[in-house]
Amino acid sequence: MSETQQAAPSRTGQVAIGLGAIGVAAVLAVGAWQIPSDAGYAGVGPNFIPWLMCGLMAVCGTLLVVQALRGGWKDVEPPSGADRADWPALLWVCAGVIANASLITTIGFVLSCTLCYALAVRGLRQSEGKPAGGPKTTGVDFITGVLIAAPVYWVFTKVLAVNLPGISASGWI
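Residues numbered from 1 in each chain as written. Predicted model: local features only at pLDDT ≥ 70, side-chain atom pairs only at ≥ 80, totals over all residues. Heavy atoms only, no water.

Peer 1: What should I look at first to understand the overall build of the protein in this one?
Peer 2: Of the regular secondary structure elements, the protein holds 5 helices and 0 strands. Its helices and strands in sequence order give the protein the pattern α-α-α-α-α, from N to C terminus. Expressed as a percentage of the 173 residues in the protein, the buried residues total 23%. Across the protein, contacts joining residues at least 24 apart in sequence account for 64% of those joining residues at least 6 apart. If you sum the accessible surface of the protein, you get close to 11400 Å²; carbon and sulfur atoms cover 69% of it. (Helix = DSSP H or I, 4+ residues; strand = E, 2+ residues; numbered from the N terminus. Buried < 20%, exposed > 50% of the residue type's maximum accessible area, 1.4 Å probe, protein only. Contact = heavy atoms within 4.5 Å. Areas by Shrake-Rupley, 256 points an atom, 1.4 Å probe, with all protein chains shown as cover.)

Peer 1: For this particular structure, what's the right way to read the packing of aromatic side chains?
Peer 2: Here a ring pair, both rings aromatic, is described through the centre-centre distance and the interplanar angle of the planes. Going through the model one piece at a time under the given rule, you end up with 2 aromatic pairs. Both rings, one in W33 and one in W51, keep their centres 6.4 Å apart while their planes meet at 75°; by these two values the pair is edge-to-face. Highlighted residues: W33 in helix 1 (residues 11-33) and W51 in helix 2 (residues 48-69), separated in sequence by 18 residues. A relative accessible area of 70% places W33 in the exposed class. Overall, W51 belongs to the partly exposed group, its relative accessible area being 34%. An angle of 35° between the planes, with centres 5.8 Å apart, marks the rings of F109 and Y153 as tilted. Taken together, the positions of F109 in helix 4 (residues 109-127) and Y153 in helix 5 (residues 135-159) put the pair 44 residues apart, joining distant regions of the chain. (Phe/Tyr/Trp six-rings, centres within 6.5 Å; stacked < 30°, edge-to-face > 60°.)

Peer 1: What should I look at first to understand the pattern of salt bridges in this one?
Peer 2: Side-chain pairing between opposite charges can occur once the charged atoms of the two side chains come close. Here the structure, examined in full by the defined rule, presents 2 salt bridges. In this structure, R125 and D141 form a salt bridge, with 3.0 Å as the shortest nitrogen-oxygen distance. Taken together, the residues R125 in helix 4 and D141 in helix 5 connect sequence positions 16 residues apart. The two residues R125 and D141 agree in class, both being buried. (Salt bridge = Lys/Arg side-chain N within 4 Å of Asp/Glu carboxyl O.)

Peer 1: What exactly am I supposed to notice about the nonpolar core here?
Peer 2: The nonpolar side chains of a soluble globular protein tend to be buried, and buried together. Ranked by size, the top nonpolar core spans 6 residues in total: F109, V110, C113, A149, A150 and Y153. If you list the elements that add at least two residues to this core, you get helix 4 and helix 5. (Core = buried A, V, L, I, M, F, W, Y, C linked by side-chain atoms within 4.5 Å.)

Peer 1: Teacher, can you tell me more about the packing of helix 3 (residues 87-107) against helix 4 here?
Peer 2: Two numbers describe a pair of packed helices, the interaxial angle and the distance between the axes. Orientation of helix 3 relative to helix 4, taken along the N-to-C sense of each, is 180°, at an axis distance of 8 Å. Classified by the interaxial angle, the pair formed by helix 3 and helix 4 is roughly antiparallel. Grouping the constituent residues of the contact of helix 3 with helix 4 by class yields 18 nonpolar, 6 polar and 1 charged. (Axes fitted to C-alpha atoms, helices over the stretch in contact; angles between N-to-C directions. Parallel < 35°, antiparallel > 145°, perpendicular 65-115°, else oblique. Nonpolar A, V, L, I, M, F, W, Y, C, P; charged D, E, K, R; others polar.)

Peer 1: Got a minute to help me understand helix 5 in this structure?
Peer 2: Each full turn of the α-helix corresponds to 3.6 residues, which orients residues three or four apart in the same direction. With 25 residues, helix 5 ought to run about 36 Å at 1.5 Å a step, and its terminal C-alpha atoms sit 35 Å apart, in line with that. Within helix 5, burial applies to D141, G145, A149, A150, Y153 and T157. Of the surrounding secondary structure, the elements contacted by the buried residues of helix 5 are helix 4. Just past helix 5, the residue A161 takes up positive phi, approximately 55°. (Expected span 1.5 Å × (residues − 1).)

Peer 1: What should I look at first to understand helix 3 in this one?
Peer 2: In this model helix 3 runs 28 Å from its N-terminal to its C-terminal C-alpha over 21 residues, within 8% of the 30 Å that 1.5 Å per residue would give. Those residues of helix 3 that sit buried are A89, G96, A99 and N100. Those residues of helix 3 that are buried are in contact with helix 4. G108 sits one or two residues past helix 3 and shows a positive phi near 95°.

Peer 1: What should I look at first to understand a nonpolar patch on the surface in this one?
Peer 2: A cluster of nonpolar side chains, I148, V152, W154, V155, F156, V159, L160 and V162, forms an exposed patch at the surface whose accessible area comes to about 620 Å². As for its placement among the helices and strands, I148 is situated in helix 5. Classification of I148 as partly exposed rests on a relative accessible area of 43%. (Patch = residues over 30% accessible without salt bridge, like charges linked within 9 Å, V, L, I, M, F, W, Y side chains within 5 Å.)

This is how it looks when you write it as structure tokens:
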């Protein structure tokens, strides 16, 4: 089959994807179980969001399995993309994630997330066959990364009182 005429996942594949989502929910449940449930000032403990995500993932997985067993997923478009993996693009995305994980305590949350965003976007752009990025595109990617990471940092540290790594005393960098 050509790239544009790939078949949609089979029913067996659809059931497997649903069961995989349920499996992810189970792993999330194990992690949520290990988080203390002491309620904070709002009556919600630190394990609330993990349990919420676990429940939502289990519901989604169950709905996927039910729909697969009742005739298959409705209105499934054929998958897009190439017949083979684009390893250089994957390496860009992996480099972004690894750089973020390894540099977050060194250069701070905002800069490490910005770097992760810029590298991942480059890989995703490359995987679509678009130009990966010259100096102007890379600059725009870094600015966009800061515009995404800085408000996230602010919400987590100022609104939710979650300590995220920063280099400066103000924590913005």
